[in-house]
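Residue-level listing of the chains:
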Amino acid sequence: MKKLIELSDILILGSDGWSNSKPRITVRAILRNSDGLYAVMYAKKFGLYSLPGGGVEEGESLIEALKREILEETGCVCDSIDDLGYVYENRAESDYTQYSYYYVVSCKGTLKNMTLTAQEIENGTELLWCPIDKVILLIEGFCPKTYQQKYLKARDVAALTEYIGKKL
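Residues numbered from 1 in each chain as written. Predicted model: local features only at pLDDT ≥ 70, side-chain atom pairs only at ≥ 80, totals over all residues. Heavy atoms only, no water.

A. Looking closely at the side chain of Q98. Within the fold, Q98 resides in strand β7 (residues 96-110). Within the structure, the side chain of Q98 is placed 3.2 Å from the side chain of S100, a separation counted as a polar contact. Those residues in contact with Q98 that sit more than four places away from it in its chain are P23, R24, T26, R28, V87, Y88, E89 and R155. (Helix = DSSP H or I, 4+ residues; strand = E, 2+ residues; numbered from the N terminus. Polar contact = N/O pair within 3.5 Å; in protein donor to acceptor, adjacent residues only side chain to side chain. Contact = heavy atoms within 4.5 Å.)

B. Just helix α2 (residues 62-74), in detail. Along its 13 residues, α2 runs 18 Å from first to last C-alpha, staying within 8% of the 18 Å computed at 1.5 Å per residue. Three or more residues of α2 are buried, namely A65, L66, R68, E69, I70, E73 and T74. Just downstream of α2, G75 is the residue with a positive phi angle, here 80°. (Expected span 1.5 Å × (residues − 1). Buried < 20%, exposed > 50% of the residue type's maximum accessible area, 1.4 Å probe, protein only.)

C. Geometry of the packing of aromatic side chains. This model, assessed by the stated rule, comprises 8 aromatic pairs. Centroid distance Y86 to Y99: 5.8 Å. Interplanar angle 50°. Geometry classified as tilted. Of this pair, Y86 sits in strand β6 (residues 76-91) while Y99 sits in strand β7, and the two are 13 residues apart along the sequence. Where Y88 meets Y99, the ring centres are 4.7 Å apart and the plane angle is 45°; that geometry is what we call tilted. (Phe/Tyr/Trp six-rings, centres within 6.5 Å; stacked < 30°, edge-to-face > 60°.)

D. Spatial organisation of the nonpolar core. I30, V135 and L160 are the most contacted members of the largest nonpolar core, which totals 23 residues. Where this core is concerned, the elements lending two or more residues are β1 (3-8), β3 (38-43), β6, β7, α4 (132-141) and α5 (147-167). When residues no more than four places from it in sequence are discounted, the contact partners of L160 are I30, L51, I132, V135, I136 and I139. Of all hydrophobic cores here, the second largest spans 17 residues; its members include A39, I70, C76 and L127. (Core = buried A, V, L, I, M, F, W, Y, C linked by side-chain atoms within 4.5 Å.)

E. Here's a closer look at the pattern of salt bridges. Going through the model one piece at a time under the given rule, you end up with 11 salt bridges. Between R68 and E60 there is a salt bridge, with the nearest N and O atoms lying 2.7 Å from each other. Among the salt bridges present, the one from K108 reaches D79, with a minimum N-O distance of 3.8 Å. Taken as a pair, K108 in strand β7 and D79 in strand β6 lie far apart in primary sequence, 29 residues in all. Classification of K108 as exposed rests on a relative accessible area of 63%. Under the relative-accessibility criterion, D79 is labelled partly exposed at 46%. (Salt bridge = Lys/Arg side-chain N within 4 Å of Asp/Glu carboxyl O.)

F. Focus on the environment of K150. Mapped onto the fold, K150 is located in helix α5. The sequence separation of K150 and L13 amounts to 137 residues, and the corresponding C-alpha distance is 8.8 Å. In contact with K150, not counting residues within four places along its chain, are I12, L13 and P144.

This is the structure in structure tokens:
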């Protein structure tokens, strides 16, 4: 899979440093429904918009984790899945590393209710369906206040930029 971007504190904060921690592996989706609308997650507590996805559990393949995360966060069953690329994050300040594998996914509709984690519920997480240009505006327009939010925004912007480039 193609590397979309490597994010580090030098890019995000302008400061040097490197983490050697064991990476967390995640999967994320640019998810389109049969109406041509795209999924975006909104965490009310932080005013943060992001693409759906989450961590890969032990013993899961990337695709198994993607299907599970999409079902949990959106209630949708994946219809088609295509590789987009991955983002590598090296957060020296918090001694944390992560690989986020992005996919372009289509679904036929919401079949089940969302199954959010306790943390997602506490954050007031909601699912919105929007045209792609609005998803881009919501994610790019967010002004991150914290270290973590800066990384979240940068990785989703990299994936959306790649997606739009492929669509043109």
